[in-house]
Amino acid sequence: MTSAAIFGLSVLMSFLAFGIVTKIYIWPRLRVMRREDALLPLVVPHTFRFVGLSFLVPGVVSPSLPSAFAIPAAYGDLIAAILAVVATLALFARASWAIAIVWVFNVWGAVDLLYAIYQGEIGVGIGPGSLGAAFYIPTVIVPPLLVTHGLIFWLLLRPKQS
(Lines give C-alpha, C1' and ligand atoms only; values in the text may rest on other atoms or scores of the structure.)
Protein backbone atom coordinates (compact mmCIF):
# COMPACT_ATOMS: atom_id res chain seq x y z
CA MET A 1 0.00 0.00 0.00
CA THR A 2 1.36 3.45 -0.86
CA SER A 3 1.98 6.16 1.74
CA ALA A 4 -0.81 8.23 0.23
CA ALA A 5 -3.23 5.29 0.51
CA ILE A 6 -2.21 4.65 4.13
CA PHE A 7 -2.70 8.34 4.88
CA GLY A 8 -6.15 8.42 3.26
CA LEU A 9 -7.23 5.21 4.96
CA SER A 10 -6.02 6.54 8.32
CA VAL A 11 -8.06 9.73 7.92
CA LEU A 12 -11.14 7.75 6.83
CA MET A 13 -10.84 5.33 9.76
CA SER A 14 -10.42 8.22 12.20
CA PHE A 15 -13.63 9.82 10.91
CA LEU A 16 -15.42 6.47 11.13
CA ALA A 17 -14.17 5.68 14.65
CA PHE A 18 -15.00 9.12 16.04
CA GLY A 19 -18.34 9.07 14.23
CA ILE A 20 -19.19 5.86 16.09
CA VAL A 21 -18.06 7.34 19.42
CA THR A 22 -20.12 10.45 18.69
CA LYS A 23 -23.26 8.52 17.75
CA ILE A 24 -23.13 6.10 20.68
CA TYR A 25 -21.73 8.21 23.52
CA ILE A 26 -21.49 11.91 22.78
CA TRP A 27 -24.55 12.97 20.81
CA PRO A 28 -27.23 11.24 22.95
CA ARG A 29 -26.00 13.23 25.96
CA LEU A 30 -25.35 16.56 24.28
CA ARG A 31 -28.63 16.88 22.41
CA VAL A 32 -30.65 17.02 25.63
CA MET A 33 -28.39 19.50 27.44
CA ARG A 34 -28.63 23.28 27.60
CA ARG A 35 -26.70 24.76 24.70
CA GLU A 36 -24.01 26.35 26.88
CA ASP A 37 -23.53 23.13 28.85
CA ALA A 38 -23.33 21.04 25.67
CA LEU A 39 -20.82 23.39 24.03
CA LEU A 40 -18.29 23.17 26.85
CA PRO A 41 -17.15 19.55 26.32
CA LEU A 42 -16.96 20.18 22.57
CA VAL A 43 -14.78 23.29 22.89
CA VAL A 44 -12.37 22.00 25.56
CA PRO A 45 -10.52 19.49 23.32
CA HIS A 46 -9.56 22.36 21.02
CA THR A 47 -7.51 23.91 23.84
CA PHE A 48 -4.89 21.27 22.93
CA ARG A 49 -4.48 22.56 19.38
CA PHE A 50 -1.15 24.10 20.37
CA VAL A 51 0.13 20.65 19.29
CA GLY A 52 0.01 22.03 15.75
CA LEU A 53 3.15 23.98 16.59
CA SER A 54 4.98 20.68 16.10
CA PHE A 55 4.78 21.40 12.36
CA LEU A 56 7.57 23.91 13.05
CA VAL A 57 9.88 21.58 14.99
CA PRO A 58 12.80 20.13 13.02
CA GLY A 59 13.09 16.42 13.62
CA VAL A 60 9.37 16.09 14.26
CA VAL A 61 8.60 16.95 10.65
CA SER A 62 10.75 16.30 7.62
CA PRO A 63 12.89 19.14 6.25
CA SER A 64 10.86 18.66 3.05
CA LEU A 65 7.65 19.94 4.72
CA PRO A 66 7.01 23.25 2.95
CA SER A 67 6.88 26.30 5.21
CA ALA A 68 3.93 27.50 3.13
CA PHE A 69 2.00 24.68 4.80
CA ALA A 70 3.75 24.46 8.18
CA ILE A 71 3.61 28.11 9.25
CA PRO A 72 -0.10 28.81 8.66
CA ALA A 73 -1.06 25.37 10.02
CA ALA A 74 1.00 25.82 13.19
CA TYR A 75 0.00 29.39 13.99
CA GLY A 76 -3.60 28.87 12.89
CA ASP A 77 -3.84 26.04 15.40
CA LEU A 78 -2.23 28.17 18.11
CA ILE A 79 -4.78 30.94 17.57
CA ALA A 80 -7.58 28.34 17.61
CA ALA A 81 -6.23 26.96 20.90
CA ILE A 82 -6.12 30.43 22.47
CA LEU A 83 -9.66 31.18 21.28
CA ALA A 84 -10.78 27.80 22.64
CA VAL A 85 -9.27 28.62 26.05
CA VAL A 86 -11.12 31.96 26.12
CA ALA A 87 -14.36 30.31 24.96
CA THR A 88 -14.00 27.52 27.53
CA LEU A 89 -13.48 29.97 30.38
CA ALA A 90 -16.36 32.15 29.17
CA LEU A 91 -18.73 29.18 28.94
CA PHE A 92 -17.64 27.91 32.36
CA ALA A 93 -18.17 31.35 33.92
CA ARG A 94 -21.49 31.72 32.07
CA ALA A 95 -20.28 35.06 30.70
CA SER A 96 -22.82 37.04 28.72
CA TRP A 97 -20.46 37.03 25.71
CA ALA A 98 -19.70 33.28 25.83
CA ILE A 99 -21.77 32.35 22.77
CA ALA A 100 -20.19 35.18 20.75
CA ILE A 101 -16.64 33.96 21.48
CA VAL A 102 -17.68 30.37 20.73
CA TRP A 103 -18.82 31.61 17.30
CA VAL A 104 -15.49 33.38 16.76
CA PHE A 105 -13.53 30.32 17.88
CA ASN A 106 -15.60 27.87 15.86
CA VAL A 107 -15.47 29.84 12.61
CA TRP A 108 -11.72 30.43 12.98
CA GLY A 109 -10.99 26.84 14.02
CA ALA A 110 -13.05 25.21 11.27
CA VAL A 111 -11.68 27.49 8.56
CA ASP A 112 -8.13 26.91 9.84
CA LEU A 113 -8.51 23.11 9.58
CA LEU A 114 -10.18 23.27 6.17
CA TYR A 115 -7.48 25.64 4.90
CA ALA A 116 -4.75 23.29 6.15
CA ILE A 117 -6.44 20.37 4.41
CA TYR A 118 -6.70 22.40 1.20
CA GLN A 119 -3.06 23.50 1.44
CA GLY A 120 -1.87 19.98 2.20
CA GLU A 121 -3.79 18.35 -0.62
CA ILE A 122 -4.10 21.01 -3.34
CA GLY A 123 -2.43 24.35 -2.57
CA VAL A 124 1.08 23.32 -1.55
CA GLY A 125 0.52 19.60 -2.00
CA ILE A 126 2.54 17.84 0.68
CA GLY A 127 3.44 14.17 0.77
CA PRO A 128 2.45 12.22 3.89
CA GLY A 129 6.13 11.38 4.50
CA SER A 130 7.00 15.06 4.91
CA LEU A 131 4.83 15.18 8.04
CA GLY A 132 7.25 12.89 9.90
CA ALA A 133 6.08 12.17 13.44
CA ALA A 134 3.36 14.79 13.00
CA PHE A 135 1.57 12.30 10.69
CA TYR A 136 -0.80 11.61 13.60
CA ILE A 137 -2.14 15.18 13.62
CA PRO A 138 -4.10 15.06 10.34
CA THR A 139 -4.86 11.35 10.63
CA VAL A 140 -5.91 10.98 14.26
CA ILE A 141 -6.60 14.46 15.65
CA VAL A 142 -8.07 16.52 12.79
CA PRO A 143 -11.07 14.27 11.98
CA PRO A 144 -12.48 14.38 15.55
CA LEU A 145 -11.84 18.13 15.69
CA LEU A 146 -13.80 18.61 12.46
CA VAL A 147 -16.65 16.51 13.86
CA THR A 148 -16.73 18.63 17.02
CA HIS A 149 -16.73 21.81 14.91
CA GLY A 150 -19.77 20.44 13.08
CA LEU A 151 -21.51 19.64 16.36
CA ILE A 152 -20.72 23.11 17.70
CA PHE A 153 -22.21 24.72 14.58
CA TRP A 154 -25.30 22.54 14.98
CA LEU A 155 -25.71 23.57 18.62
CA LEU A 156 -25.15 27.26 17.81
CA LEU A 157 -27.70 27.20 14.99
CA ARG A 158 -30.42 25.13 16.61
CA PRO A 159 -33.33 27.03 18.15
CA LYS A 160 -32.66 27.97 21.78
CA GLN A 161 -34.41 25.63 24.21
CA SER A 162 -36.65 27.17 26.84
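As a reminder, the structure under discussion sits directly above these lines.
In this text the structure is predicted, and so the values were computed from the model without any measurement.

Caption draft 1: Structural detail: the packing of aromatic side chains. Inspection of the entire model under this criterion finds 5 aromatic pairs. Geometrically, the ring pair formed by Trp27 and Trp154 is edge-to-face, given 4.8 Å between the ring centres and 85° between the ring planes. Placement of the pair is Trp27 in helix H1 (residues 3-30) and Trp154 in helix H5 (residues 136-157), with a sequence separation of 127 residues. A ring pair is formed by Phe48 and Phe50, whose centres lie 6.2 Å apart and whose planes are at 40°; its orientation type is tilted.

Caption draft 2: Focus on helix H2 (residues 35-43). Regarding H2, the residues found buried are Arg35, Glu36, Ala38, Leu39, Leu42 and Val43. All buried residues of H2 fall inside an arc of 160° around its axis, so they share one side. Elements in contact with the buried residues of H2: H1, helix H3 (67-93), helix H4 (98-123) and H5.

Caption draft 3: The arrangement of the pattern of salt bridges in detail. Under the defined criterion, the tally for this structure stands at 5 salt bridges. Between Arg34 and Asp37 there is a salt bridge, with the nearest N and O atoms lying 3.3 Å from each other. Arg49 is the salt-bridge partner of Asp77, the closest N and O atoms lying 3.0 Å from each other. Residue Asp77 is located in helix H3, and its partner Arg49 is located in the loop between H2 and H3; the two are separated by 28 residues in the primary sequence. On the basis of relative accessibility, which here comes to 3%, the residue Arg49 falls in the buried class. Each of Arg34, Glu36, Asp37 and Arg94 takes part in one network of salt bridges that share partners.

Caption draft 4: Summary view of the nonpolar core. Judged by nonpolar contacts, the single largest core of 19 residues is most densely connected at Leu39, Val43, Val102, Phe105 and Ile152. Of all the secondary structure elements, the ones that give two or more residues to this core are H2, H3, H4 and H5. Excluding anything up to four places from it in sequence, Val102 contacts Leu39, Val43, Ala87, Leu91, Ile152 and Leu156. Listed in part, the 18 residues of the second largest apolar core include Val61, Phe69, Ala134 and Leu146.

Caption draft 5: Quick look at the packing of H2 against H4. It is at 12 Å that the axes of H2 and H4 come closest, and there the two elements cross at 35°. Where H2 crosses over H4, the two elements pack in a sense that is left-handed. Residue-level inspection shows Arg35, Glu36, Leu39 and Val43 of H2 in contact with H4, the latter providing Ile99, Val102 and Phe105. Within the contact of H2 with H4, the residues separate by chemical class into 5 nonpolar, no polar and 2 charged.

Caption draft 6: Looking closely at H3. With 27 residues, H3 should cover 39 Å at 1.5 Å per step; its first-to-last C-alpha distance of 38 Å lies within 8% of that length. Directly beyond the C-terminal end of H3, a positive phi value near 55° is found at Arg94.

What counts, and at which threshold
- Residues numbered from 1 in each chain as written.
- Predicted model: local features only at pLDDT ≥ 70, side-chain atom pairs only at ≥ 80, totals over all residues.
- Heavy atoms only, no water.
- Phe/Tyr/Trp six-rings, centres within 6.5 Å; stacked < 30°, edge-to-face > 60°.
- Helix = DSSP H or I, 4+ residues; strand = E, 2+ residues; numbered from the N terminus.
- Buried < 20%, exposed > 50% of the residue type's maximum accessible area, 1.4 Å probe, protein only.
- Arc of directions from axis to C-beta.
- Contact = heavy atoms within 4.5 Å.
- Salt bridge = Lys/Arg side-chain N within 4 Å of Asp/Glu carboxyl O.
- Core = buried A, V, L, I, M, F, W, Y, C linked by side-chain atoms within 4.5 Å.
- Axes fitted to C-alpha atoms, helices over the stretch in contact; angles between N-to-C directions.
- Left-handed = near helix turned anticlockwise from the far one by under 90°.
- Nonpolar A, V, L, I, M, F, W, Y, C, P; charged D, E, K, R; others polar.
- Expected span 1.5 Å × (residues − 1).

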